[in-house]
Structures are given as structure tokens and as C-alpha cells.
Amino acid sequence: VALHLACQSLRSGDCHLALVGGVNLIFTPESTIATHVTGRILFVEDDPAVRHSTTFALEHAGFIVEAFESGVDAMARVRSDGLSFDVALVDSVMPAMTGRELILALRMHAPTLPILLCSGGDIESDDALGAARPDDFLAKPYRLAELSARIATLMKTDRSSRVRASRPPSRG
């Protein structure tokens with residue numbers, strides 16, 4: 001309800017900035033009105049408030065979102081049809097399966113899937129992440145406009161280069 005009222009206030013011009021919930025997503029008029037993109041997102045976030053508000057906002061921006069509470073649940077979906085997603089949006093700190101573990105599993109089952117890692121803390125160095133390195137990183141709290149832009153950029157990346165990079169070099 002609060003998210004809906006915030007969007008209405010922004011659209012009508014009653015305010016220029018709206019903060020909702022735990023300040024994991026910040027709305028401005030530009031981000032709620034002008035970011036209509038399309039694509040399928042695999043969204044994994046253990047915090048219900050963040051999961052619901054971000055899903056709502058991304059759907060409002062034109063994305064089709066399948067949201068999961070855990071990496072285990074998300075991987076079950078990916079194993080059944082992993083190629084149906086355009087981007088994975090993954091929280092870094094989750095119980096049962098961390099964001100890093102989920103990225104490794106996604107790389108095994110859907111190697112061409114672009115991955116955006118979101119975290120309220122610092123990301124490890126690229127060297128420490130190794131094969132679990134995401135394609136992009138976004139710190140929380142994030143603005144919907146920035147989140148949508150990052151997702152759109154990842155959707156435009158050449159997936160064939162990612163497949164080539166994931167294969168070991170041929171010996172010949």
C-alpha cells in the first residue's frame with residue numbers, strides 16, 4: 001500500500017521523492033514514469049519487504065519478474081527452464097545458499113545468463129570471487145532508475161561471448 005501511494009504521489013506531482021520500507025529502493029518521478037523496459041528477470045532476495053517492493057517496482061517498469069526467497073528455490077526453477085530468463089538479480093547475503101554459491105550454480109546451469117549482484121555491504125575483490133564474479137554489482141539502497149538501467153545494459157550484452165568465455169580452450 002505504501003509503495004502504491006508513493007507512486008501515485010510521484011505521478012501527480014505531490015512530491016519529488018518517495019522512500020518506502022527499509023530504504024532499499026528509492027523512487028523519483030523519472031524512475032517510476034519513464035523506465036518502461038521489457039525482459040524476464042530471475043530475482044533472488046531473502047528479505048520479504050525488499051523482494052516484494054522491488055518485484056512490484058520492476059513489474060511496474062515493464063519487466064516480467066519471477067521472485068524467489070532462496071537460491072535453492074531459484075535453482076530448482078533454473079534447472080527446469082534456465083534459458084527463459086534474460087537477467088538474474090541476486091542478493092549477496094542469504095541463508096542456505098549465498099549469492100556467491102548461487103552465481104556458481106547459475107554459471108553451471110545457465111552460463112549465458114547475465115547476473116547482477118546486489119548487496120548492502122562491500123563486494124569481494126574480483127580475484128577472490130573467481131568464477132562467482134557477477135557481470136555487474138549494485139549497492140543497496142538502489143534507485144529504480146539505476147537498477148532498471150543496469151538490467152537493460154546486461155540484457156543488451158552479447159551472450160555468445162559469455163558462452164565462449166565459459167568454455168575451456170580447445171586443444172588442437
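Residues numbered from 1 in each chain as written. Predicted model: local features only at pLDDT ≥ 70, side-chain atom pairs only at ≥ 80, totals over all residues. Heavy atoms only, no water.

Caption draft 1: Looking closely at the side chain of Thr54. With respect to the helices and strands, the residue Thr54 is situated in helix H3 (residues 48-60). At a separation of 2.9 Å, a polar atom in the side chain of Thr54 contacts the main-chain carbonyl oxygen of Val50. (Helix = DSSP H or I, 4+ residues; strand = E, 2+ residues; numbered from the N terminus. Polar contact = N/O pair within 3.5 Å; in protein donor to acceptor, adjacent residues only side chain to side chain.)

Caption draft 2: Structural view of helix H4 (residues 71-81). Of all the residues in H4, the buried ones are Gly71, Ala74, Met75, Arg77 and Val78. Buried residues in H4, looked at end-on, bunch into an arc of 160°, giving them a common side. In H4, those exposed residues whose orientation departs by more than 90 degrees from the buried face are Arg79 and Ser80. Packing partners of the buried residues in H4 comprise strand S3 (40-44), strand S4 (64-68) and helix H5 (99-109). (Buried < 20%, exposed > 50% of the residue type's maximum accessible area, 1.4 Å probe, protein only. Arc of directions from axis to C-beta. Contact = heavy atoms within 4.5 Å.)

Caption draft 3: Here's a closer look at the packing of H3 against helix H7 (residues 144-156). Packing of H3 against H7 brings their axes to within 11 Å, and their N-to-C directions diverge by 65°. The angle between H3 and H7 falls in the class roughly perpendicular. Two packed elements cross with a definite hand, and for H3 against H7 that hand is right-handed. Here H3 contributes Thr54, Ala57 and Leu58 to the contact with H7, which in turn contributes Leu144, Leu147, Ser148 and Ile151. (Axes fitted to C-alpha atoms, helices over the stretch in contact; angles between N-to-C directions. Parallel < 35°, antiparallel > 145°, perpendicular 65-115°, else oblique. Left-handed = near helix turned anticlockwise from the far one by under 90°.)

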